[in-house]
Amino acid sequence: MKTMNKTNADHYTHAIEVSTAADKAYNAVTQQIPLWWTEMFEGTAAKVGAVFTIRFGDNIYKTMRVKELVDHSKVIWDVEDSLIALPELNNQTEWIGTTIIWNIEQKENLTQLQVTHIGLSPDVECYDICSDGWLQFMNSLKLFLETGKGSPYKK
């Protein structure tokens, strides 16, 4: 059984440092999602109020609304709909009502990119699967930003 110190943020957080400028990282998160996360992308993530859906095959999708954009430094998405139709999960809609925050900070010749998924905590059924997914696609994002070629989910 996992225990979590409740005084710490009870949410998934992961940060990477990338050899790129903050504006490139911001553009990747707002305009180039199919190049590092999933090719199955519909909508736009480039303006406040916009809605987009990402899919991973026929059984997994997430629909998000862009809540906030701060040029080259912050992106916030609210998850409005989601399905993770995997047989090992009893609750397949756990992402609904969660919030994803991207913080982007230029540090000399590196950019720190941090994702915080508010609502994705160790007591959520999909935590292990979802945190592994975040790790996989954060690595793809780093690869995309540093080489121009990520490893997104393919159709």
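Residues numbered from 1 in each chain as written. Predicted model: local features only at pLDDT ≥ 70, side-chain atom pairs only at ≥ 80, totals over all residues. Heavy atoms only, no water.

Chemist: Would you take a moment to explain helix α1 (residues 22–31) for this structure?
Modeler: Side chains that are three or four residues apart share a direction in an α-helix, a result of its 3.6 residues per turn. Within α1 the residues assigned to the buried category are Ala22, Ala25, Tyr26, Ala28, Val29 and Thr30. Looking at the packing, one finds that the buried side of α1 touches β4 (60–70), β5 (74–84), β6 (99–107), β7 (110–118) and α2 (127–147). (Buried < 20%, exposed > 50% of the residue type's maximum accessible area, 1.4 Å probe, protein only. Helix = DSSP H or I, 4+ residues; strand = E, 2+ residues; numbered from the N terminus. Contact = heavy atoms within 4.5 Å.)

Chemist: Sorry, what's going on with the sheet that holds strand β2 (residues 40–43) here?
Modeler: To summarise the sheet geometry, strands pair through backbone hydrogen bonds and adopt either a parallel or an antiparallel arrangement. In space, the seven strands of this open sheet follow the order β1-β7-β6-β5-β4-β3-β2, with antiparallel pairing throughout. Both outer strands of the open sheet, β1 (12–18) and β2, are each paired with one neighbouring strand and no more. Averaged over all adjacent pairs, the angle separating strand axes in this sheet is 20°, with direction ignored. In this structure, β6 lies alongside β7, joined through nine bridges in antiparallel fashion. Each residue of the ladder has a partner; that of threonine 99, found in β7, is isoleucine 118. Along the sheet, α2 contacts β1, β5, β6 and β7; its crossing angle with β1, the most-contacted strand, is approximately 15°. (Pairing = 2+ DSSP bridges. Axes fitted to C-alpha atoms, helices over the stretch in contact; angles between N-to-C directions.)

Chemist: Sorry if this is basic, but what is going on with unusual backbone geometry here?
Modeler: In terms of backbone geometry, most residues other than glycine have negative phi values and most peptide bonds are trans. Residues other than glycine seldom take positive phi values, yet histidine 72 does so here, at roughly 60°. With respect to the helices and strands, histidine 72 occurs in the loop between β4 and β5. With a phi close to 50°, glutamate 108 is a non-glycine residue in the positive phi region. With respect to the helices and strands, glutamate 108 occurs in the loop between β6 and β7. Judged by its relative accessible area of 78%, glutamate 108 is exposed.

Chemist: Looking at this structure, I do not really get the packing of α1 against α2. What am I missing?
Modeler: Pairs of packed helices are described in terms of their axes, by the angle between the two and the distance that separates them. Contact geometry of α1 with α2 gives a least axis separation of 11 Å together with a crossing angle of 130°. Overall, the two elements α1 and α2 adopt an arrangement that is oblique. Read as a crossing pair, α1 and α2 show a hand that is right-handed. Touching Lys24, Ala25, Ala28 and Val29 of α1 are Leu141, Phe144 and Leu145, all from α2. Class assignment of the residues belonging to the contact of α1 with α2 gives a composition of six nonpolar, no polar and one charged. (Parallel < 35°, antiparallel > 145°, perpendicular 65-115°, else oblique. Left-handed = near helix turned anticlockwise from the far one by under 90°. Nonpolar A, V, L, I, M, F, W, Y, C, P; charged D, E, K, R; others polar.)

Chemist: What is the right way to look at the pairing of β6 in this model?
Modeler: The side chains of a regular strand alternate, first on one face of the sheet and then on the other. Relative to β6, β5 is paired through five bridges, and the arrangement is antiparallel. By the bridge assignment, aspartate 78 is partnered in β6 with threonine 99. Adjacent in sequence and paired antiparallel, β6 and β7 are bridged by two residues, among which glutamate 108 carries a positive phi angle near 50°.

Chemist: Please clarify how the nonpolar core should be interpreted in this entry.
Modeler: Buried together is how nonpolar side chains tend to be arranged in soluble globular proteins. Ranked by size, the top nonpolar core spans 41 residues in total, and within it Trp36, Trp37, Trp77, Ile100, Trp102, Trp134 and Leu141 carry the most contacts. Elements with a minimum of two residues in this core: β1, α1, β3 (51–55), β4, β5, β6, β7 and α2. If one sorts the elements of this core by residue count, α2 sits on top with eight residues. In contact with tryptophan 36, other than residues within four places in its own chain, are Ala28, Val29, Trp102, Phe137, Ser140, Leu141, Phe144, Ser151 and Pro152. (Core = buried A, V, L, I, M, F, W, Y, C linked by side-chain atoms within 4.5 Å.)

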